[in-house]
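# Summary of the model geometry
Below, each chain spelled out in residue letters.
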Amino acid sequence: MSIAQRLNPQPIDQSIVLGWARSVAAKIRQFSVPENIILFGSGAEANFREGSDLDLLLVYPSLETLRQGRKMLAKARPFGVPCPVDLIFVTRERYAASKDLGGICFVACHEGINL
């Protein structure tokens with residue numbers, strides 16, 4: 001990547017980003033069973049650019065299922081999309097308790113896209 005490209009990364013069409021996110025969500029579901037997968041951040045805000053990453057919040061029913069999911073998803077990588085993927089794991093209880101208070105769960109709940 002040239003210096004000009006780093007200083008002025010090109011936007012990537014929202015439909016392409018959503019396709020990547022849905023592809024990752026499908027692969028996640030092959031290895032794990034989160035109750036919900038939410039795309040948030042630049043991918044959900046139609047502000048995705050070269051060098052951005054997909055931010056996904058994975059909501060699990062319990063701490064045990066979260067731990068199992070995290071372990072199983074180590075086998076799923078790489079996800080086969082041309083960008084980094086950040087996975088945030090939370091339990092249903094934590095998500096419910098913090099989705100209206102602020103932080104990642106708030107952003108995912110109020111600005112995210114359910115996949």
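Residues numbered from 1 in each chain as written. Predicted model: local features only at pLDDT ≥ 70, side-chain atom pairs only at ≥ 80, totals over all residues. Heavy atoms only, no water.

Evaluation of the coordinates by the stated rule reveals 0 disulfides. Looking at the unpaired cysteine 105, the closest cysteine sulfur is the one in cysteine 109, lying at 8.7 Å. (Disulfide = S-S within 2.5 Å.)

A few words now on the side chain of serine 98. Positionally, serine 98 belongs in helix H4 (residues 92–98). At 2.7 Å, the side chain of serine 98 forms a polar contact with the backbone oxygen of arginine 94. (Helix = DSSP H or I, 4+ residues; strand = E, 2+ residues; numbered from the N terminus. Polar contact = N/O pair within 3.5 Å; in protein donor to acceptor, adjacent residues only side chain to side chain.)

For the rest of this paragraph, the subject is the side chain of serine 42. On the secondary structure map, serine 42 appears in the loop between strand S1 (36–40) and strand S2 (54–60). Residues within four places of serine 42 in sequence aside, it is in contact with Asn47, Phe48, Ser52 and Asp53. (Contact = heavy atoms within 4.5 Å.)

This brings us to the sheet that holds strand S4 (residues 113–114). The mixed open sheet is built from 4 strands, whose spatial order is S3-S2-S1-S4. Of all the strands in the sheet, the pair left with one neighbour each is strand S3 (85–91) and S4. Bridge count for S2 against S3 is 7 bridges, and the pairing is parallel. Pairing of tyrosine 60 across the sheet is with threonine 91, part of S3. Where helix H2 (residues 14–31) meets the sheet, its contacts fall on S1, S2, S3 and S4, and the angle it forms with S2 comes to roughly 35°. Against the sheet, helix H3 (residues 63–73) contacts S2 and S3, and its axis sits at roughly 160° relative to S3. (Pairing = 2+ DSSP bridges. Axes fitted to C-alpha atoms, helices over the stretch in contact; angles between N-to-C directions.)

Once that is clear, we can look at the pattern of salt bridges. Evaluated as defined, the whole model comprises 2 salt bridges. Across the pair arginine 92 and glutamate 35 runs a salt bridge, and its minimum N-O distance is 2.3 Å. One end of the pair, arginine 92, is in helix H4; the other, glutamate 35, is in the loop between H2 and S1, and 57 residues separate them in sequence. By relative accessible area, which is 40% here, glutamate 35 ends up partly exposed. Two residues, lysine 99 and aspartate 100, come together in a salt bridge whose shortest N-O distance is 3.8 Å. A relative accessible area of 26% means that lysine 99 is categorised as partly exposed. (Salt bridge = Lys/Arg side-chain N within 4 Å of Asp/Glu carboxyl O. Buried < 20%, exposed > 50% of the residue type's maximum accessible area, 1.4 Å probe, protein only.)

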